[in-house]
Amino acid sequence: MTLRARIRWLLILSTAACVCVALLALARVNHSLLESMLESSAERELSVVESAFLDQLSVLRIRAEDWSRQPDSPPGNLGGVGQLDLMLSLDGGRLGSALGVEEPALPVFERLADRFEAEGCAPIWGVVRVNGRPLLFSTAVEQNCQAYLLGIWIDGYWLEYLSDRVGHALYVREVSQEGGVERGLFSDAEGLLRGRFPIPDFFDGQPLEIVVELPSDVQGLKSTVILLMALILSILAAMTVAGVYWRIQGLLFGRLGSVHNAVRSIARGGTLDQRVPVLGNDEIGELAEDFNAMVDSIDHAQNQLASARRQAEAASKTKSQFLANMSHEIRTPMTAILGYAELLREGRGSDADRQHYLNIIQHNGDALLALINNVLDLSRIEAGQLDREESVFSVIELLQEVVESFRLRAVEKGIELALEMDGTMPAALNGDVFRLRQIVVNLVGNAVKFTEQGTIRIRVVWQRPDQRLSIRVEDTGIGITESQLQSIFQPFTQADVSHTRRYTGSGLGLSIARELARAQGGDISVTSDTTGSCFTLEMPFELALDATVAPSVLPAGEQVQPLPQLNGRVLLVEDNQVNRLLVKTLLERAGMTVVEAENGREACEAYQNDSHYSLVVLDMQMPVMDGYETARALRDKGFEGPVLALTANVLAVDRQRCLDAGCDAFMGKPVRSRDLLVACADLLEPSLIES
């Protein structure tokens with residue numbers, strides 16, 4: 001059943017119930033009202049009957065007087081009273097001529113004659129019983145106590161005559177002395193309403209009463225009234241239901257229908273441009289507003305999902321291209337490393353050739369390490385874990401070192417590489433020199449890579465009011481198109497992504513450079529056309545004029561310090577046999593005695609057997625028992641010497657985790673010989689280091 005039908009039937013049933021309740025109440029009220037009305041009407045009718053009775057008695061007296069004046073012509077009827085039943089003359093206490101008087105009735109009339117004489121021949125009238133029948137009588141007085149007596153039987157024809165006049169059936173009945181004679185209304189054995197009034201016997205005999213049959217159609221009248229009221233209420237209820245339903249049709253169903261049509265259209269695949277008119281401030285109006293807001297929200301969400309899908313597809317495509325580029329970037333140096341390593345294993349070639357092979361392997365290994373560091377930097381940036389290491393440095397020396405490092409490549413390509421610095425450049429600045437060098441190397445390296453002829457100019461300006469360093473790298477290279485400018489700072493993105501691309505690279509350099517600059521409060525911007533490109537780096541730094549400048553690069557011509565020579569016993573814990581052999585060889589060449597262990601459990605057993613160790617070199621990722629558990633176990637067993645952690649996890653959180661486990665220093669893999677020995681020297685006691 002539809003909502004429309006339910007509401008319609010609800011209105012009909014509720015209205016019918018209200019009508020029934022109203023009718024019941026009206027029936028109750030009408031019953032009392034009709035009873036009261038009937039009683040008043042019956043009382044009036046009873047008064048009419050009683051008045052008619054008394055009127056007939058008065059007429060009888062008047063006619064008796066008239067007849068006494070005309071004794072020779074007695075009337076056949078009394079002119080409105082009815083047929084005369086008897087008449088006789090009175091002479092004092094004696095009876096004269098009589099009409100309609102039987103012998104047995106004479107004693108009653110004799111008593112009337114005596115009564116007439118006893119009262120001084122005064123007129124008398126009333127009702128007497130004659131042989132058990134009630135007689136309405138009246139006397140008329142003449143001279144010398146002469147009178148005439150008239151009578152009518154009131155239990156016969158006269159009652160019918162009077163009933164016709166008053167419209168009610170009348171009859172006479174005796175009343176017991178105990179019950180008394182009362183005037184009023186009563187209900188008979190059948191429950192019908194009756195009226196009565198007394199007619200006392202003239203001689204004070206057993207009283208009589210006139211009983212009046214009053215109308216008994218009260219129930220029918222009540223039913224008629226109730227039916228009439230029911231009809232009126234039903235008509236009013238039907239009109240009310242029709243009006244309410246028509247109003248609901250407009251206020252509810254019509255507006256709900258528009259909502260339903262819009263919802264159905266959307267559910268069947270329609271567009272999200274469906275809107276429901278808001279026609280009021282009621283609940284349906286609020287529903288329409290909420291529906292429109294919901295459609296707008298869904299439309300917005302779908303647009304966002306579509307946009308996110310396009311972005312995800314673009315990102316997936318970009319990452320797929322990035323993975324292809326990364327595969328190329330990794331396999332290219334790996335080809336050189338594995339190929340030249342195989343040549344070295346064959347033992348062919350002169351010493352110079354072998355040295356050249358080793359240099360190539362070293363160069364390509366450094367390229368792989370730089371690629372890995374870029375990926376790690378990107379992960380740090382995305383995780384928000386970039387570390388800021390401030391120090392005092394000379395920006396002039398830093399930029400000169402960077403330019404000199406690319407000088408040879410620029411000369412090989414036949415391009416000019418020029419550094420131009422503002423004359424007001426401060427001698428020393430305080431900031432993160434490592435990140436600054438990383439950014440500048442990336443910008444200058446890109447300029448050298450993408451420039452085939454012409455000039456590369458590096459212009460440096462110190463903005464004293466803002467204390468910001470501005471570095472512009474201008475080239476006359478291939479340039480960047482307008483569409484490429486929108487994406488070159490996005491990770492995994494390169495200007496040329498084709499398989500025949502001329503310039504190699506992972507597509508991470510510029511993205512990392514900009515994020516590093518922004519992490520320091522600066523930024524990188526770019527402009528480009530067909531004549532070249534210009535990248536501008538701006539970063540804030542603090543002046544440090546009076547501070548001692550830590551050299552950022554080795555001065556030209558300075559000799560590299562020899563590797564330190566070490567003494568003492570070292571416990572080397574490393575599960576990888578190749579790495580363990582490399583570290584063992586480096587430490588033994590430096591003069592240390594090395595005890596090996598493949599995992600943390602063997603290290604604890606070795607320390608349990610011999611606790612005389614000057615240093616523990618500990619790999620953190622191992623089976624059976626990792627480096628973190630091993631460091632804590634060795635400390636629990638009483639080892640108080642230094643512990644150097646070696647791990648390929650080089651994030652700041654990894655460094656802190658190693659230090660929390662009980663390590664004293666941290667070194668990331670791959671291990672460089674000089675860095676390893678210098679770190680060990682910093683941890684060992686001075687007596688174990690040979691100068």
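Along every chain, residues carry numbers that run from 1 in the direction the sequence is written. Residue-level local features of this predicted model are given only where pLDDT is at least 70; pairs of side-chain atoms are given and counted only at 80 or more, and the full residue set underlies all totals for whole chains, interfaces and linings. The basis for the side-chain values is all heavy atoms of the structure; hydrogens and waters are excluded.

Some details on the overall build of the protein chain
- When its secondary structure is counted, the protein chain shows 15 helices and 24 strands.
- Exposure classes here rest on a 1.4 Å probe applied to the protein chains alone. A residue is buried below 20% of its type maximum, exposed above 50%, and partly exposed in between. A total of 691 residues make up the protein chain; the buried ones form 39% of that total.
- For the protein chain, contacts bridging at least 24 residues in sequence account for 66% of all contacts bridging at least 6. What counts as a helix is a DSSP run of H or I of at least four residues, what counts as a strand is a run of E of at least two, and both are numbered from the N terminus. Any two residues whose heavy atoms approach within 4.5 Å at even a single point are treated as in contact.

Quick notes on the state of the cysteines
- Any two cysteine sulfur atoms lying within 2.5 Å of each other are counted as a disulfide. Taken as a whole and assessed by the stated rule, the structure comprises 1 disulfide.
- Here C121 engages in a disulfide with C145; their sulfurs sit 1.4 Å apart. One quick way to see it: the torsion about the S-S bond of C121 and C145 is about -90 degrees, and its sign makes the bridge left-handed. Residue C121 is found in the loop between α2 (106-118) and β3 (125-130), and its partner C145 is found in the loop between β4 (133-141) and β5 (146-153); the two are separated by 24 residues along the sequence. In terms of burial, C121 and C145 fall into one category: buried.

Some words on the confidence of the model for the protein chain
- The pLDDT value tells you how sure the predictor is about a given residue, anywhere from 0 up to 100. For the protein chain, per-residue confidence averages 78 on the pLDDT scale, and residues scoring 70 or more make up 79% of the total.
- Between residues 547-560, whose pLDDT stays under 50, and residues either more than four places distant or in other chains, the model counts 15 contacts.

Comments concerning a nonpolar patch on the surface
- Exposure above 30% relative accessible area and the absence of a salt bridge qualify a residue for a patch, where like charges join within 9 Å and nonpolar side chains (Val, Leu, Ile, Met, Phe, Trp, Tyr) within 5 Å. Calculation of accessible area relied on Shrake-Rupley with a 1.4 Å probe; when residues are assessed, cover is drawn exclusively from the protein chains displayed. A pairing counts as a salt bridge when a side-chain nitrogen of Lys or Arg comes within 4 Å of a carboxyl oxygen of Asp or Glu. Together, L228, L231, I232, I235, L236 and M239 line one region of the surface with nonpolar side chains, adding up to about 580 Å² of accessible area.
- Positionally, I232 belongs in helix α4 (residues 218-267).

Remarks on the sheet that holds strand β12 (residues 429-431)
- Reading across from one edge, β10-β12-β17 is the order of the 3 strands in this open sheet, with antiparallel pairing throughout. For this open sheet the edge positions go to β10 (391-393) and β17 (542-543), each flanked by a neighbour on one side alone.
- Two strands pair under a simple rule: DSSP has to find at least two bridges between them. Direction of pairing for β12 relative to β17: antiparallel, over a ladder of 2 bridges. Its bridge partner lying in β17, L429 is registered against L543.

Quick look at the pairing of strand β15 (residues 523-529)
- Here β15 pairs with strand β16 (residues 532-540) via 7 bridges, running antiparallel. Residue pairing for β16: S525 is matched across the bridge by T536.
- Hairpin connection between β15 and β16: a loop of 2 residues separates the two successive antiparallel strands.

Describing the side chain of T455
- Looking at where T455 falls in the secondary structure, it is placed in strand β13 (residues 455-463).
- Here a polar contact is recorded for every N or O atom pair within 3.5 Å, except that within protein the pair must consist of a potential hydrogen donor and a potential acceptor, and residues adjacent in sequence are included only if both atoms are side-chain atoms. A distance of 3.5 Å separates the side chain of T455 from the side chain of E416, its partner in a polar contact.
- Ignoring anything within four residues of it in the chain, the contact list for T455 reads E416, E474, D475 and T476.

Looking at α2
- By this rule, a helix spans an expected 1.5 Å times one less than how many residues it contains. With 13 residues, α2 should reach 18 Å at 1.5 Å per residue; the first-to-last C-alpha distance of 18 Å fits that figure.
- Backbone geometry just after α2 places G120 at a positive phi near 80 degrees.

Digging into the packing of helix α12 (residues 600-609) against helix α13 (residues 627-636)
- At a closest axis distance of 9 Å, the pairing of α12 and α13 adopts a crossing angle of 15 degrees. Relative to α13, the element α12 is oriented roughly parallel. Crossing handedness for the pair α12 and α13: right-handed. Residues G600, A603, C604 and Y607 of α12 form the contact with α13, whose participating residues are T630, A633 and L634.
- Think of it as three bins: nonpolar holds Ala, Val, Leu, Ile, Met, Phe, Trp, Tyr, Cys and Pro, charged holds Asp, Glu, Lys and Arg, and polar takes everything else, Gly as well. For the contact of α12 with α13, the residue count by class is 5 nonpolar, 2 polar and no charged. To define axes, lines are fitted to C-alpha atoms, for helices over the stretch in contact only, and angles between the resulting N-to-C directions are given on a 0 to 180 degree scale. When an angle is under 35 degrees it counts as roughly parallel; over 145 it counts as roughly antiparallel; between 65 and 115 it counts as roughly perpendicular; any other value is oblique. The handedness criterion is simple: a crossing whose near helix is rotated anticlockwise from the far helix by less than a right angle is left-handed, and one whose near helix is rotated clockwise is right-handed.

A word on the pattern of salt bridges
- Evaluated as defined, the whole model comprises 25 salt bridges.
- Measuring nitrogen to oxygen at the nearest pair gives 2.5 Å for the salt bridge that ties R459 to E420. Of this pair, R459 sits in strand β13 while E420 sits in strand β11 (residues 416-421); the two residues are 39 residues apart in sequence, bridging distant segments of the chain.
- For R459, a relative accessible area of 30% translates into the label partly exposed.
- Among the residues examined, E420 registers a relative accessible area of 29% and is labelled partly exposed.
- Taking the shortest distance from any N to any O, the salt bridge between R580 and E596 comes out at 2.8 Å. Of this pair, R580 sits in helix α11 (residues 577-589) while E596 sits in strand β20 (residues 593-597), placing them 16 residues apart in sequence.
- By relative accessible area, which is 35% here, E596 ends up partly exposed.
- One salt-bridge network, in which partners are shared between bridges, spans E420, R457, R459, R472 and E474.

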